[in-house]
Amino acid sequence: MRNRYLDLLRFLAIVRVVVYHVTGWATLTLVFPAMSVMFALAGSLMAASLTRSGPVAVGRRLRRLLPSLWVVAVVFVPAMLFTGLALSPRVLLWLFPIADPSANGWGALALSVIWYLRDYLWFVLASPVAFWLFRRAPLPTLLAPYLLLVTIEVGIYPAPAVVRDFGLYFGAWLLGFAHHAGMLRRLTGRVLYPLALALAVAGGAWIVAHPGPRGYDLNDNPLGNALWSAAFILVVLGRAPAGVAWLSRSRLADRAVTVVNRRALTIYLWHMPFVVALTPLVDVVGWSHQNPVGLAIRVLLVFALVGLVTLAVGWVEDVAARRRPELIPVGSPPPTGPSSPSEDGPAGRPGAGTTVGRAVVPAQRAGEAATVEITAG
């Protein structure tokens, strides 16, 4: 069962991620903090699965997530080994990335989005305990990741990246729990809007006071990102409409939302290799990022190439979900109430990085040479 409003949010988030990676426009991260929204949607889905099935939902989530990654690994890991990647036990992390898998120079850029799967895996594994705590003490459980992030950002606790991501994105995941439980919808406007405004002001002030290498880009500012994104999530989920009937009246829009949701993980995993590969090529032929026409061509090329690879391997997501494999997903799933998100698609997260041309690519973490660090948008 699917909620088309949440499908629409996921569709917008995935499109925004791809456009951001092609253009590098920092403003997009403020206008639509897609990564935190996607983690919130995933958290709501996980809460629904745990409510229905209990801890067995963990295995089902992993079954849906990993096969698409293995397809990517089958293509790129041999290519990286052939071009200089050392064969070590860390290569096995491509099968189950609870830590960043090993990668060589070009692979670390092209496959930088793997960080999302690492975080998603940890969040799924932590969810049974977190859901138990949330049902017994919702407010303290919700606040815990944000308090953890504050201690990290002010220097009290110099934590590794995975722990920092728990502070940044597990908070959004738990807001998804709150959405599933109906807590966000029950907030009156007199509470929700002032709370969202206070979080946005605090996050915005922190961002302005601590600009990153790309200016006011949420990817470079974990605490500002968490606060700003929490405000956004409170509004878009706390005031979610009962449905989006207009979507079904446009066959093209309805089909696009369905296809992107059914193939969200494939799109997410494969778009960055094309962004990285096209950046030097389009510069050679003169499609400069400073030229609106050239920039539009870049965006269209990336979407076209992602579309082709999605046709080729996107059916793996159907197999993982135990659906009948389809070349192009068809039809609209039946609508549901606002508490049940659809079961497809990744979330992504922004991370610190540098810009090559206009493709945002990550800097490697200190002490982790030849591992993947991702800027997801």
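Refer to the structure presented above.
For the structure given in this document, a descriptive report is provided here. (Residues numbered from 1 in each chain as written. Predicted model: local features only at pLDDT ≥ 70, side-chain atom pairs only at ≥ 80, totals over all residues. Heavy atoms only, no water.)

Quick word on the overall build of the protein chain
To keep things clear, this is the line we draw: Helix numbers and strand numbers start at the N terminus; a helix is a DSSP run of H or I with at least 4 residues, a strand a run of E with at least 2. Whether two residues touch is decided by their heavy atoms; if any such pair falls within 4.5 Å, the residues are in contact. For accessible areas, the Shrake-Rupley method is used with a probe of radius 1.4 Å. Any residue's cover is judged against the shown protein chains and nothing else.
From N to C terminus, the protein chain includes 16 helices and two strands. The long-range share in the protein chain, meaning contacts at least 24 apart out of those at least 6 apart in sequence, stands at 77%. Total accessible area computed for the protein chain in this model is approximately 15,400 Å², and 73% of it derives from carbon and sulfur atoms.

Considerations on the packing of helix H7 (residues 138-153) against helix H11 (residues 222-238)
In a pair of packed helices, the angle between the axes and the distance between the axes together describe the arrangement. To be explicit about the condition: Lines fitted to C-alpha atoms define the axes here, with helix axes fitted over just the stretch in contact, and angles between the N-to-C directions of these axes take values from 0 to 180 degrees. Any angle that falls under 35 degrees is termed roughly parallel, while one over 145 is termed roughly antiparallel, one within 65 to 115 roughly perpendicular, and all others oblique. A clockwise turn of the near helix away from the far one marks a right-handed crossing, whereas an anticlockwise turn of less than a right angle marks a left-handed crossing. Under the scheme applied, nonpolar residues are Ala, Val, Leu, Ile, Met, Phe, Trp, Tyr, Cys and Pro; charged residues are Asp, Glu, Lys and Arg; polar residues are all the others, including Gly.
Axis separation between H7 and H11 bottoms out at 9 Å; the angle between their running directions is 155°. Judged by the inter-axis angle, H7 sits roughly antiparallel to H11. Between H7 and H11 lies a crossing of left-handed hand. Residue-level contacts link Tyr146, Leu149, Val150 and Glu153 of H7 to Pro222, Leu223, Ala226 and Ala230 of H11. A class-by-class count of the residues in the contact of H7 with H11 yields seven nonpolar, no polar and one charged.

Some remarks on the packing of aromatic side chains
The cut-off we apply is this: Pairing of aromatic side chains here covers Phe, Tyr and the six-membered ring of Trp, requires ring centres within 6.5 Å, and sorts the geometry by plane angle: under 30 degrees stacked, over 60 edge-to-face, intermediate tilted. When a residue's accessible area, from a 1.4 Å probe over protein chains only, is under 20% of the maximum for its type it is buried; when over 50% it is exposed; and in between it is partly exposed. Note on geometry: a ring has a charge over it if NZ (lysine) or CZ (arginine) is within 6 Å of the ring centre and within 35 degrees of the ring normal.
Counted according to the given criterion, the structure contains 19 aromatic pairs. Ring centres of Tyr120 and Trp173 lie 5.4 Å apart, and the angle between their planes is 85°; on these two criteria the pair is classed as edge-to-face. One end of the pair, Tyr120, is in helix H6 (residues 114-136); the other, Trp173, is in helix H8 (residues 161-181), with 53 residues separating them in the sequence. Trp173 carries the same exposure label as Tyr120, and that label is buried. Members of the aromatic cluster, connected to one another through ring pairs, are Phe39, Trp115, Tyr116, Tyr120, Phe123, Phe166, Tyr169, Phe170, Trp173 and Tyr268. One residue, Arg16, lies across the ring of Tyr20, its end atom 5.6 Å from the ring centre.

Considerations on the environment of Pro128
Residue placement: Pro128 occurs in helix H6. Sequence separation between Pro128 and Thr51 is 77 residues; the distance between their C-alpha atoms is 10.0 Å.

A short note on helix H1 (residues 4-23)
Under the convention used in this document: Every helix has an expected span of 1.5 Å times one less than the residues it contains. We call two N or O atoms a polar contact when they sit within 3.5 Å, provided that within protein one can donate a hydrogen and the other can accept it, with sequence-adjacent residues counted only if both atoms are side-chain atoms.
The terminal C-alpha atoms of H1, which comprises 20 residues, lie 28 Å apart, in line with the 28 Å expected from a rise of 1.5 Å per residue. Among the 20 residues that make up H1, 18 are buried, leaving the element largely enclosed by the rest of the structure. Where H1 begins, one side-chain oxygen reaches toward the backbone nitrogen of Tyr5, 2.9 Å away; that side chain belongs to Asn3. Note on H1: the residue one or two positions beyond its end, Gly24, has a positive phi of about 75°.

Some details on the pattern of salt bridges
Where we set the bar: By salt bridge we mean one thing: a side-chain nitrogen of Lys or Arg within 4 Å of a carboxyl oxygen of Asp or Glu.
What the rule picks out here adds up to 13 salt bridges. Among the ionic pairs, Glu326 bridges to Arg262, the shortest N-O distance being 3.5 Å. Of the two residues, Glu326 sits in the loop between helix H16 (315-320) and strand E1 (353-356) while Arg262 sits in helix H13 (residues 251-262), which places them 64 residues apart along the sequence. Like Glu326, the residue Arg262 is buried in the burial classification.

Things to note about H6
Let me state the cut-off plainly: Bend is computed residue by residue as the angle between axes fitted to the seven residues ending at the residue and the seven residues starting at it.
In this model, H6 (23 residues) spans 33 Å end to end at C-alpha, consistent with the 33 Å of a helix rising 1.5 Å per residue. Of all the bends in H6, the greatest reaches close to 50° and is centred on Ser127; the proline Pro128 follows between one and four positions later.

Focus on the nonpolar core
What counts here: Only buried residues count toward a nonpolar core. Its members are Ala, Val, Leu, Ile, Met, Phe, Trp, Tyr and Cys residues joined through side-chain atoms within 4.5 Å.
If you look at the biggest cluster of nonpolar residues, it comprises 96 residues, and the most contacted ones within it are Trp94, Trp173, Phe177 and Leu237. With residues up to four places along the chain from it excluded, the contact list for Leu237 reads Leu6, Leu9, Ala40, Leu41, His179, Leu184 and Arg185.

Some points on unusual backbone geometry
Within the chain, Arg322 stands out as a residue other than glycine whose phi angle is a positive 60°. Secondary-structure assignment places Arg322 in the loop between H16 and E1. Look at Arg322 and you get exposed, because its relative accessible area is 67%.

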